[in-house]
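Here's the letter readout for the chains.
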Amino acid sequence: MLEIKNLHAQVAEDGKEILRGINLTVKPGEVHAIMGPNGSGKSTLANILAGREDYEVTGGEIVYRGEDLTELEPEERAHKGVFLAFQYPVEIPGVSNTYFLRAALNAKRAANGESEMGSMDFMKYIREKVKQLGLKDELLTRSVNEGFSGGEKKRNEIFQMAVLEPSLCVLDETDSGLDIDALQTVAAGVNALRSPERSFVVVTHYQRLLNFIVPDYVHILMNGKIVKSGDKSLALELEEKGYGWLEETVGV
Amino acid sequence: MSKALIYESQIGSVLAAVNRDQEPSWLVELRDRGAEIHSALGVPTMRNEEWKYTSLRSVAGVNWNPGEPGPAVFGEDPTYYAETTIRVVLVNGRFDRNLSDVPATSGLTLMSLRDAIYEKPEVAEYLGKIAAIDDHTFAALNSAVFVDGVYLHLRPGAAVAPVIEIVHVTSGEGMVIAPRILIVAEENSTAKIVEQYCSDGSSTNLTIPVTEVFVAKHANLEHVRLQDESLDSYHIALWETKQAGESEYRSYNLAFGGSIGRLDQNIDLNGEHITTRLDGVVVARGEQVIDNHTKLDHALRNCNSFEIYKQIIDDKATVVFNGKIFVHQDAQKTDAKQTNQALLLSRDATINSKPQLEIFADDVKCTHGATVGQIEETFRFYMRSRGIPKATADAILVYAFAAEVLELISDDVVRERLERRLYSKLGIDLGEM
Ligand SMILES: Nc1ncnc2c1ncn2[C@@H]1O[C@H](COP(=O)(O)OP(=O)(O)OP(=O)(O)O)[C@@H](O)[C@H]1O
Ligand SMILES: [Mg+2]
C-alpha cells in the first residue's frame, strides 16, 4: 500500500529540515499508529502524504500502490484513495458541507471513470453515512466546519472519510479534543471502514484511542525520525514511561 | 483641440438635439438646470475628490453623438433574468413596445416615461425631485437630454407578485444614451424589480442613466440592478432612493460591465423605523475600472441600514469603493453596518476603498469593516485534499465569497441566473450546481 523510504523533507519557505530519514511500510489492511512528542514531525509527515506544498521533499521516496506519490497533485492523490483527516480542519464559510462533499465525490468518480452521482442518490447516500456516524442532519446544510465545535470538526473529518471511502486513511490527532462518547463514535466509524484493502495511519498522543482502534504496529517519531517501532504494547509502555526513557536509550 | 474642447463642442450637439417643443414647463426648467450644471462641471478630473481613482480622460476624448433609436432586431438577444410575465425593454433609452409585455396588473402602472409625462400629472411631483443633480455632472446631463425611460407606479396597497423586469439595451456606437427611470411605490405596496443594463454586441456608447425611487410609508421594495454592458462601453449612473417611515428597501447592485462603470447610489432614510439594504457584488476583469460610490443618509431615529460590498478583481482591473454613511443629529438609535471586502485574483488587480462614516448623533450603533484578501491557500488545499480540482476549488471559493450577498436575493430564478452570469463573467464552467 504505502512504502516510505529514507524520507527527508524541509519547510519550502525557509529550508528548515523537519523529516530526517523516515522509513515506514504499510501493507493493505494494516493499522499503524504514530506517536511522538510535540513538534517531532507527525503532522508534517501526514501533510506531505496529502501533498501540501509548504513542504519540500529533499530525499528518499514515497511509493503508494507502486506509484511515486510526490509526483501527484493533492487532488490526484485523493482520487487514488489517499485521505488526510486534518489535525486542524479548515472552516470554509459560504460552502455547504453537502455541496462540498458532492463536488469531492463526483470529482473522484469522474477521475476514476465512473459516472456522476445525481443529487437524489447522493442525498440518500450521505444521509445513511450521517446515521451510521451518529451525526445530526443539520450538519449537511451548514457551511464546511463553520462554527463547529472542536469535536464536531473531528467527527466531520471522519464523516468525509466515510463518504469518500479512501484506501489510505491518515488520521492526524482525530482523537484530540473528543469527549469519551465522541471518541467511541469516531473509533466505531473507523472500525466500520476497516477492511483487508484499506490501511490506516493514525497519529495520536493517547494510548486511550488505541484501545478502540487496535493497531498492528506502533511507531515513535522523534526529531524527524522513527526511533522505535513495536506492537500495541509499545503504546502502553510509553504511557507509563514518557519520552524521556527513549531519549536515553536511542540517544536523540 | 484639447480633449475638453472637443467634448464641449460635441456635447453641445447632444444638448441641441433635444426637441423641447410642447414639453411642460417644469420639464423645460429641469432640462435648463441640467444643461447649466453639466456645462459648469464638465467632465470631472482626478483632482475632484469624488473621482480620485477613476480617470475619465477616455470619455472626454470621444466625439459623442446624440442617442438614436436602436435597431428593431438585435445581433444578440439580451438575457432575461426573471421568469416573469411583466417585462419592459428599452432600446437606447427608448421604451420598446414590441419587446415589452405589460399585462394589466392590479395596482401597477408600468409605461413609457415620455407618455407618462403627458398623461400622468403626478410625475411632475417626483421626476427630478429625488435625484440630486447639483454635483453629479452626468445626472445633470441626463436631465437635459433624456428622451424616454420607464415610469413604474404602485398604487397604495398594491402587491405585485411576479418580478418586474426592466431591461435596458444599448446598441450602436459613439452615442450618449440617457435612460430615465422613475419608480414610485405608494403606501403599503410591495414589489420586486430587476433592472438590467446590457449591450447589443460590442456597442461603445456612453450610458448615463438616472434612476429615481420613492418608497412611501410601509412600502416594501426589492430592487436588483445589474450593470452588464459591453467591455468597450462607458456607464456612469446615478441611482437615488427616498424612503419614508416604516418602509423597507433592499437594493443589490451587481456591477460587471463597462470599460468604466461608475455608479453613485444614494439612499435617503427620511422617516423612522426604516430598513435599508444597500449591497453590491462587483466583478472586474481585464482592464475594467468599476467604481461605486454609495451614500446612506440617516435623517431620523430608529432606522437600520445594512451594506455589504463584495468585490472580485482579476487581471489588471481596478475597483473603487466609497461608502458614505451620514447619521444626522436627529437619527438617534441608528443601527448602520457596513462591510466591504475585496478578493484579488491577480497581482495586478487594484482596490481602492474608503468607508466614510460621519456621525452627528450620540446614541447610535455604527460599524464598518474593510478587508482585502486573496484565495486562502489553506481553504484551497483542504478542498484539493478531498479531490476537488484546483480550478473548481477556486471557483467554489469565489462563489462563496459573493454568496453572502447573492443569497439575499429572494427570487430563486433571478438569483440562480445571476449566479450563472457571475460564473460566466469569471470564465468558470461548473456544470450543474
Ligand atoms: N510550514 C511550516 N513552517 C515552519 N515550520 C514548520 C512548518 N510546519 C511545521 N513546522 C515545524 O516543524 C516541526 C514539526 O511540526 P509538526 O506540526 O509536524 O509537529 P507534530 O509532531 O505534528 O506536533 P504536534 O504533536 O504538536 O501536533 C515543528 O517545529 C514546527 O514548528
Ligand atoms: Mg501535529
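Let me begin by describing the structure that accompanies this report. The model shown is predicted, which means the values in this text are computed figures rather than measured ones. (Residues numbered from 1 in each chain as written. Chains lettered and ligands numbered in written order. Predicted model: local features only at pLDDT ≥ 70, side-chain atom pairs only at ≥ 80, totals over all residues. Heavy atoms only, no water.)

Take the pattern of salt bridges next. One pass over the structure, following the stated rule, counts 40 salt bridges over all chains. Taking the shortest distance from any N to any O, the salt bridge between E212 of chain B and R180 of chain B comes out at 2.8 Å. Here R180 of chain B lies in strand β8 (residues 180–185) and E212 of chain B lies in strand β11 (residues 210–215), a separation of 32 residues in the sequence. For the pair E212 of chain B and R180 of chain B, one class covers both residues: buried. Between D363 of chain B and K333 of chain B there is a salt bridge; the shortest N-O distance is 2.8 Å. Here the residue D363 of chain B occupies a position in the loop between β21 (350–359) and β22 (365–373), and K333 of chain B occupies one in the loop between β19 (318–327) and β20 (335–344), the gap between them amounting to 30 residues. Via salt bridges that share partners, E53, E73 and E75 of chain A together with R384 of chain B belong to a single interconnected network. (Salt bridge = Lys/Arg side-chain N within 4 Å of Asp/Glu carboxyl O. Helix = DSSP H or I, 4+ residues; strand = E, 2+ residues; numbered from the N terminus. Buried < 20%, exposed > 50% of the residue type's maximum accessible area, 1.4 Å probe, protein only.)

Here we take up the packing of aromatic side chains. Taken as a whole and assessed by the stated rule, the structure comprises seven aromatic pairs over all chains. Measuring from ring centre to ring centre gives 5.8 Å for F100 of chain A and Y382 of chain B, while their planes differ by 5°; the resulting arrangement is stacked. A residue pair is termed interchain when its members come from two chains, as with F100 of chain A in helix α3 (residues 97–111) and Y382 of chain B in helix α7 (residues 377–385). Among the aromatic residues, those joined into a cluster by ring pairs are F86 and F100 of chain A together with F381 and Y382 of chain B. A cation over an aromatic ring shows up here: R262 of chain B above the ring of W51 of chain B, its NZ or CZ 3.9 Å from the ring centre. (Phe/Tyr/Trp six-rings, centres within 6.5 Å; stacked < 30°, edge-to-face > 60°. Lys NZ or Arg CZ within 6 Å of the ring centre and 35° of its normal.)

Glancing now at the site of ligand 1. Residue and element names in this part refer to chain A. Taken together, 15 residues lie around ligand 1, and G39, K42, S43, T44 and Y55 are the ones closest in. The separation between an oxygen atom of ligand 1 and a polar side-chain atom of K16 is 3.4 Å. Taking G39, its main chain carries an N or O atom lying 2.8 Å from an oxygen atom of ligand 1. Within the complex, 68% of the 640 Å² of free accessible area of ligand 1 lies under protein. The element contributing the most residues to the shell around ligand 1 is helix α1 (residues 42–50), with three residues. Of the residues in the shell around ligand 1, the class split is four nonpolar, eight polar and three charged. (Near = heavy atom within 4 Å. Polar contact = N/O pair within 3.5 Å; in protein donor to acceptor, adjacent residues only side chain to side chain. Areas by Shrake-Rupley, 256 points an atom, 1.4 Å probe, with all protein chains shown as cover. Nonpolar A, V, L, I, M, F, W, Y, C, P; charged D, E, K, R; others polar.)

The partner chain A presents 33 residues to the 19 residues of chain B that form the contact. For the pairing of chain B and chain A, the buried interface totals around 2,100 Å² over both sides, and the portion due to carbon and sulfur atoms is 65%. Broken down residue by residue, the surface that chain B buries against chain A is led by F381, Y382 and R386 of chain B, which jointly contribute 37%. Here chain B is connected to chain A by four salt bridges. Here chain B is connected to chain A by ten residue pairs in polar contact (both at pLDDT 80 or more). Looking at the side of chain B that touches chain A, the elements with two or more residues in it are α7 and α8 (390–406) of chain B. Tallying contributions element by element places α7 of chain B first for the side of chain B that touches chain A, with eight residues. (Contact = heavy atoms within 4.5 Å. Buried area = accessible area lost by both parts, 1.4 Å probe.)

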